[in-house]
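# Architecture at a glance
The residues making up each chain are set out below.
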Amino acid sequence: MVRMTLATPTLHTARLRLRPFTDADAGSLFALHSSAYVMRYWDSPPWTDRARAAGFIAKCREIADEGAGARVAIDRASDGAFVGWCGLTGMEPGLRKGRIRA
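The structure contained in this document is the topic of the report that follows.

Each helix and strand counted, the protein chain has 2 helices and 5 strands in total. Each helix and strand of the protein chain, ordered N terminal to C terminal, gives the series β-β-α-α-β-β-β. Looking at the protein chain residue by residue over its 102 residues, the buried ones come to 29%. When the accessible surface of the protein chain is totalled, it reaches about 6700 Å², and 57% of it is carbon and sulfur.

Below you can see the structure in the form of structure tokens.
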């Protein structure tokens, strides 16, 4: 199957904005993933190395470039505060199909 690069969308709702990650998100992303409280139900331990955030953002770009999916940052619409992320994986554009991972 031939993959195509997917443009990562920016979506707006009344309360949230979903958008592509930028390098400026690394600090907020690390704060989220380094919290034991936040990560208590996650499938991996909290991050201890800040470089993980930059690697995660680079992987987001790679996933989009490969056409395999998209990961988006989630901001609060009222003040632009980073609140998390979600991903669309298993993309099959020809079948108009994918899975949401939050």
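So, next bit.
The biggest cluster of nonpolar side chains holds 11 residues, and these are Phe21, Leu29, Phe30, Trp47, Ala53, Phe56, Ile57, Cys60, Ala73, Phe82 and Trp85. Contributing elements (two or more residues each) for this core: helix H1 (26-33), helix H2 (51-66) and strand E4 (82-92). Broken down by element, this core gets its largest block of residues, 4 residues, from H2. Among residues more than four places away in sequence, those in contact with Ala53 are Ala26, Leu29, Phe30 and Trp47.

What follows deals with the packing of H1 against H2. Relative orientation of the contacting elements H1 and H2 amounts to 110°, with a least axis distance of 8 Å. As the angle between them shows, H1 and H2 are arranged roughly perpendicular. For the pair H1 and H2, the sense of crossing is right-handed. For the pair formed by H1 and H2, the contact residues are Ala26, Leu29 and Phe30 on the first element and Ala53, Phe56 and Ile57 on the second.

What follows deals with the pairing of strand E3 (residues 70-76). For E3, a buried count of 6 out of 7 residues is recorded, marking the element as mostly surrounded by other parts of the structure. Where strand E2 (residues 16-20) lies against E3, 5 bridges are found, and the strand directions are antiparallel. Its bridge partner lying in E3, Pro20 is registered against Val72.

What follows is about the environment of His12. Tracing the chain through its elements places His12 in strand E1 (residues 11-12). Among the residues examined, His12 registers a relative accessible area of 60% and is labelled exposed. Sequence separation between His12 and Asp75 is 63 residues, and the spatial gap between their C-alpha atoms is 9.6 Å.

All told, the structure shown has 6 salt bridges when counted by the stated rule. Between Arg17 and Asp75 there is a salt bridge, and its shortest N-O distance comes to 2.5 Å. With Arg17 in strand E2 and Asp75 in strand E3, this residue pair connects regions lying 58 residues apart in the sequence. Taking the relative accessible area as the measure of exposure, Arg17 reaches 30% and is therefore partly exposed.

How each quantity is defined
Residues numbered from 1 in each chain as written. Predicted model: local features only at pLDDT ≥ 70, side-chain atom pairs only at ≥ 80, totals over all residues. Heavy atoms only, no water. Helix = DSSP H or I, 4+ residues; strand = E, 2+ residues; numbered from the N terminus. Buried < 20%, exposed > 50% of the residue type's maximum accessible area, 1.4 Å probe, protein only. Areas by Shrake-Rupley, 256 points an atom, 1.4 Å probe, with all protein chains shown as cover. Core = buried A, V, L, I, M, F, W, Y, C linked by side-chain atoms within 4.5 Å. Contact = heavy atoms within 4.5 Å. Axes fitted to C-alpha atoms, helices over the stretch in contact; angles between N-to-C directions. Parallel < 35°, antiparallel > 145°, perpendicular 65-115°, else oblique. Left-handed = near helix turned anticlockwise from the far one by under 90°. Pairing = 2+ DSSP bridges. Salt bridge = Lys/Arg side-chain N within 4 Å of Asp/Glu carboxyl O.

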